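# Examining the three-dimensional arrangement
Each chain is listed here by its residues.
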There are 2 protein chains.
Amino acid sequence: MSPKNIIIMSKCEQCIVREFSSLKALTKEELLKLSDCKTSHIIKKGEVIFEEGENVNGIFCIKDGICKLTKLSANGKDHIVKLVTKGELLGQRSMISDEPVNLSAVALEDMQVCFIPKSDVMGYFDKNNQFSMNVMKTICGDLKEADDHMVNLAQKTVKERLAETLLYLHDSFGKNEDESLRIQLSRDELASIIGTATESCIRLLSDFKKLGLIELSGKKIVLQDIAKLKKVAE
Amino acid sequence: MSPKNIIIMSKCEQCIVREFSSLKALTKEELLKLSDCKTSHIIKKGEVIFEEGENVNGIFCIKDGICKLTKLSANGKDHIVKLVTKGELLGQRSMISDEPVNLSAVALEDMQVCFIPKSDVMGYFDKNNQFSMNVMKTICGDLKEADDHMVNLAQKTVKERLAETLLYLHDSFGKNEDESLRIQLSRDELASIIGTATESCIRLLSDFKKLGLIELSGKKIVLQDIAKLKKVAE
DNA sequence: ATTAAAACATGACATTTATCATATTAAAGG
DNA sequence: CCTTTAATATGATAAATGTCATGTTTTAAT
């Protein structure tokens with residue numbers, strides 16, 4: 001992330017998304033201090049926030065937008081491990097483990113993020129028990145999600161995984177006025193969430209369309225028959 | 001776990017495996033108190049320590065033996081998410097999230113485990129910063145492992161996953177005097193680690209044998225050519 | 001607006017993997 | 001020790017998925 005992306009943004013006390021993250025435990029004094037040590041950034045769609053193996057030395061708080069967390073596999077393909085959105089924090093695991101990040105973060109749409117240096121976060125971490133507890137619970141939630149995801153990848157067919165993922169995108173990120181999924185992924189990205197070849201993903205989307213489960217127009221996807229999709233996902 | 005399994009065991013201060021878990025951070029006084037609140041248990045091979053959905057209300061410290069952590073998938077098959085052995089703790093995520101456990105734990109061999117009630121652990125957790133930090137780092141490590149595992153399941157072939165798993169079993173659990181893998185899994189269990197049908201797993205083991213990568217005699221598996229196995233795993 | 005590049009789509013085919021059937025072997029219980 | 005059951009093994013086949021080729025559409029850049 002280049003320094004030119006640093007911009008002036010509102011104070012942390014007035015930031016709404018803070019309420020949705022572990023940071024909600026911070027006191028007014030802590031928030032005032034936080035406003036001083038944070039830097040705010042605009043990240044454009046497609047830009048990299050951090051890359052696998054990098055030393056991030058802090059955490060990011062997402063004020064707006066969505067990004068994907070990816071991991072490079074042995075065969076050279078990226079796998080999307082998780083989607084992260086407004087109100088969530090990035091880089092917590094790496095900070096606690098005191099290790100380089102094990103995933104890359106790439107913006108799926110224009111984003112606003114704030115960066116808080118590790119030294120500052122760790123201060124809150126040591127002194128504010130509720131804050132550290134919140135971070136821990138988030139990581140525990142991630143671990144549970146990862147376990148579920150793992151079992152799905154191991155036991156479900158590509159078709160089931162695609163149906164499930166479409167429902168997940170619908171439930172987690174909502175839809176636009178025209179009923180299409182708010183989050184827009186390329187076929188390639190969708191394939192790398194469900195763990196399949198791009199062509200297989202495209203083919204199954206076409207099948208779903210023919211079966212009346214979804215509507216397709218360009219990148220836009222409308223879930224037409226959610227009940228049936230749920231049946232396909234099992 | 002039935003109460004009849006409770007047995008008298010040595011004091012925590014003298015317990016060696018404690019040194020390998022987050023509990024190593026506890027002070028002598030804390031360990032003395034721990035000895036009083038813990039209960040010790042013998043678990044026979046195949047017995048269930050806890051089951052998915054159960055309220056465990058504490059953590060288990062494994063003094064001896066190995067168990068599998070499994071999750072039931074939608075199609076009714078168990079998937080082995082993780083193997084846990086001597087020196088590790090069980091049930092930490094559930095305790096911190098304050099939720100039922102999301103995995104079942106089943107002994108793969110006879111085990112000795114100690115149970116520490118949640119109320120006691122949480123006491124150490126609040127007062128001993130190093131202990132809570134250790135627990136957190138363990139969970140962060142689990143999350144990283146889960147991410148890696150996920151990508152492997154999504155991107156690698158069954159053959160690659162089998163080779164990788166055999167190497168993992170070798171590196172993590174060692175071998176017996178006769179060079180065979182110390183940890184003994186049924187073909188069915190091996191299949192449910194790599195996420196495939198039992199028959200496919202058996203077939204690939206036969207292939208590996210024909211290729212001179214491994215030796216098979218009953219449940220015993222000897223890794224004959226580790227270099228080649230690594231190549232197969234990529 | 002034009003062109004180049006990227007993304008999407010589909011057919012043909014190869015490969016991988018699952019499923020079903022059926023032996024064979026090993027383990028466990030009376 | 002015998003008998004029953006479970007685990008292992010293998011063949012035959014079906015189904016799922018990946019790969020390569022190729023054409024179309026969309027997007028982005030000049």
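Heads up: the structure comes first, above all this text.
Residues numbered from 1 in each chain as written. Chains lettered and ligands numbered in written order. Predicted model: local features only at pLDDT ≥ 70, side-chain atom pairs only at ≥ 80, totals over all residues. Heavy atoms only, no water.

Another aspect to go through is the relation of the copies chain A and chain B. Once chain A is rotated about the relating axis by 180° and shifted along it by 0.0 Å, it coincides with chain B to within an RMSD of 0.0 Å. Within this description, the copies of the chain are treated as partners about a two-fold rotation axis. The fraction of interface residues of chain A whose copies in chain B are also interface residues reaches 100%, indicating that both copies meet through the same surface. (Least-squares fit on C-alpha atoms with pLDDT ≥ 70 in both. Contact = heavy atoms within 4.5 Å.)

Attention now goes to the protein's contact with DNA strand C. Looking at DNA strand C, there are 15 residues lining it, with A:Arg187, A:Ser206, B:Val158, B:Thr196 and B:Ser200 nearest. Here DNA strand C approaches the protein such that, of its atoms within 4 Å, sugar and phosphate make up 55%. A:Arg187 is positioned with one of its side-chain polar atoms (N or O) 2.8 Å from a phosphate oxygen of DNA strand C. In this structure, B:Glu199 approaches DNA strand C through a side-chain N or O atom, which is 3.5 Å from a base nitrogen. Going through the elements one at a time, α6 (187-194) and α7 (198-210) of chain A together with α7 (198-210) of chain B are the ones with two or more residues in the surface near DNA strand C. The element contributing the most residues to the surface near DNA strand C is α7(A), with four residues. Here the surface near DNA strand C is built from residues that sort into three nonpolar, five polar and seven charged. (Near = heavy atom within 4 Å. Polar contact = N/O pair within 3.5 Å; in protein donor to acceptor, adjacent residues only side chain to side chain. Helix = DSSP H or I, 4+ residues; strand = E, 2+ residues; numbered from the N terminus. Nonpolar A, V, L, I, M, F, W, Y, C, P; charged D, E, K, R; others polar.)

Residues and elements named next belong to chain A. With a phi close to 60°, aspartate 98 is a non-glycine residue in the positive phi region. Locating aspartate 98 in the fold gives a position in the loop between α2 (92-97) and β8 (104-107). The exposure class assigned to aspartate 98 is exposed, which follows from its relative accessible area of 55%. (Buried < 20%, exposed > 50% of the residue type's maximum accessible area, 1.4 Å probe, protein only.)

This part takes up the state of the cysteines. Residues and elements named next belong to chain A. Within this structure, the stated rule accounts for zero disulfides over all chains. Free cysteine: cysteine 61, not disulfide-bonded; nearest cysteine sulfur from cysteine 15 at 5.9 Å. Exposure remark for cysteine 61: the relative accessible area of 7% places this residue in the buried category. (Disulfide = S-S within 2.5 Å.)

Two orientations exist for strands paired in a sheet by backbone hydrogen bonds: parallel and antiparallel. Residues and elements named next belong to chain A. Strand order in this open sheet of four strands is β3-β8-β5-β6, and the pairing throughout is antiparallel. Single-partner strands in this sheet number two, and they are β3 (48-50) and β6 (78-85). Within the sheet, the average angular offset between the axes of one strand and its neighbour, ignoring direction, is 30°. As judged from the four bridges shared by strand β5 (residues 66-72) and β8, these two strands associate in the antiparallel manner. (Pairing = 2+ DSSP bridges. Axes fitted to C-alpha atoms, helices over the stretch in contact; angles between N-to-C directions.)

This part is about the environment of A:Ala146. Looking at the element boundaries, A:Ala146 is found in helix α4 (residues 129-155). For the pair A:Ala146 and A:Gly76, spaced 70 residues apart in the sequence, the C-alpha separation amounts to 21 Å. Apart from residues no more than four positions distant in its own chain, A:Ala146 is found in contact with B:Leu143, B:Ala146 and B:Met150.

A few words on the protein's contact with DNA strand D. Around DNA strand D, the structure places 15 residues, and the nearest of them are A:Val158, A:Thr196, A:Arg203, B:Arg187 and B:Ser206. A breakdown of the atoms of DNA strand D within 4 Å of the protein gives sugar and phosphate a share of 53%. Within the contact set of DNA strand D, a phosphate oxygen lies 2.3 Å away from a side-chain nitrogen or oxygen of A:Thr196. Between A:Arg203 and DNA strand D, the recorded distance is 2.9 Å, taken from a side-chain N or O atom to a base oxygen. Taken together, the elements giving at least two residues each to the surface near DNA strand D come down to α7 of chain A together with α6 (187-194) and α7 of chain B. The element that contributes the greatest number of residues to the surface near DNA strand D is α7(B), accounting for four residues. Grouping the constituent residues of the surface near DNA strand D by class yields three nonpolar, five polar and seven charged.

All names here are of chain A. In terms of residue burial, α6 counts as a mostly covered element, since six of its eight residues are buried. Every buried residue belonging to α6 is among Glu189, Leu190, Ala191, Ser192, Ile193 and Ile194, and all of these are buried. Where α6 terminates, the next one or two residues include glycine 195, which has phi positive at roughly 75°.

Residue and element names in this part refer to chain B. Relative to each other, helix α5 (residues 158-173) and α6 sit at 110°, their axes nearing to 9 Å. One finds that α5 runs roughly perpendicular with respect to α6. α6 is crossed by α5, and the crossing has right-handed handedness. Across the interface between the two elements, Val158, Arg161, Leu162, Thr165, Leu166 and Leu169 from α5 touch Leu190, Ile193 and Ile194 from α6. A breakdown of the residues in the contact of α5 with α6 according to their chemical character gives seven nonpolar, one polar and one charged. (Parallel < 35°, antiparallel > 145°, perpendicular 65-115°, else oblique. Left-handed = near helix turned anticlockwise from the far one by under 90°.)

To continue, consider the interface of chain A and chain B. Taken together, the contact between chain A and chain B spans 36 residues of the former and 36 residues of the latter. When chain A packs against chain B, the two sides together hide about 3600 Å² of surface, and 70% of this comes from carbon and sulfur. Contact with chain B buries area across many residues of chain A, yet A:Leu143, A:Met150 and A:Gln155 alone supply 18% of it, more than any other trio. Across the salt bridge formed by B:Glu99 and A:Lys144, the nearest N and O atoms sit 3.4 Å from each other. For the pair chain A and chain B, the number of links is ten residue pairs in polar contact (both at pLDDT 80 or more). Residue assignment for the side of chain A that touches chain B shows that the elements contributing at least two residues are β6, α2, α3 (118-127) and α4 of chain A. Looking at the side of chain A that touches chain B, the element that brings in the most residues is α4(A), giving 17 residues. Of the residues in the side of chain A that touches chain B, the class split is 16 nonpolar, eight polar and twelve charged. (Buried area = accessible area lost by both parts, 1.4 Å probe. Salt bridge = Lys/Arg side-chain N within 4 Å of Asp/Glu carboxyl O.)

Take the pattern of salt bridges next. Side chains carrying opposite charge are able to pair once their charged atoms draw close together. Enumeration over the complete set of coordinates arrives at 30 salt bridges over all chains. A salt bridge links A:Lys220 to A:Asp178; the shortest N-O distance between them is 3.6 Å. Of this pair, A:Lys220 sits in strand β11 (residues 220-223) while A:Asp178 sits in the loop between α5 (158-173) and α6; the two residues are 42 residues apart in sequence, bridging distant segments of the chain. A relative accessible area of 29% means that A:Lys220 is categorised as partly exposed. Residue A:Lys228 is joined to A:Asp225 by a salt bridge in which the shortest nitrogen-to-oxygen separation is 3.9 Å. When salt bridges with common partners are traced through the structure, they connect A:Glu52, A:Lys71 and B:Asp148 into a single cluster.

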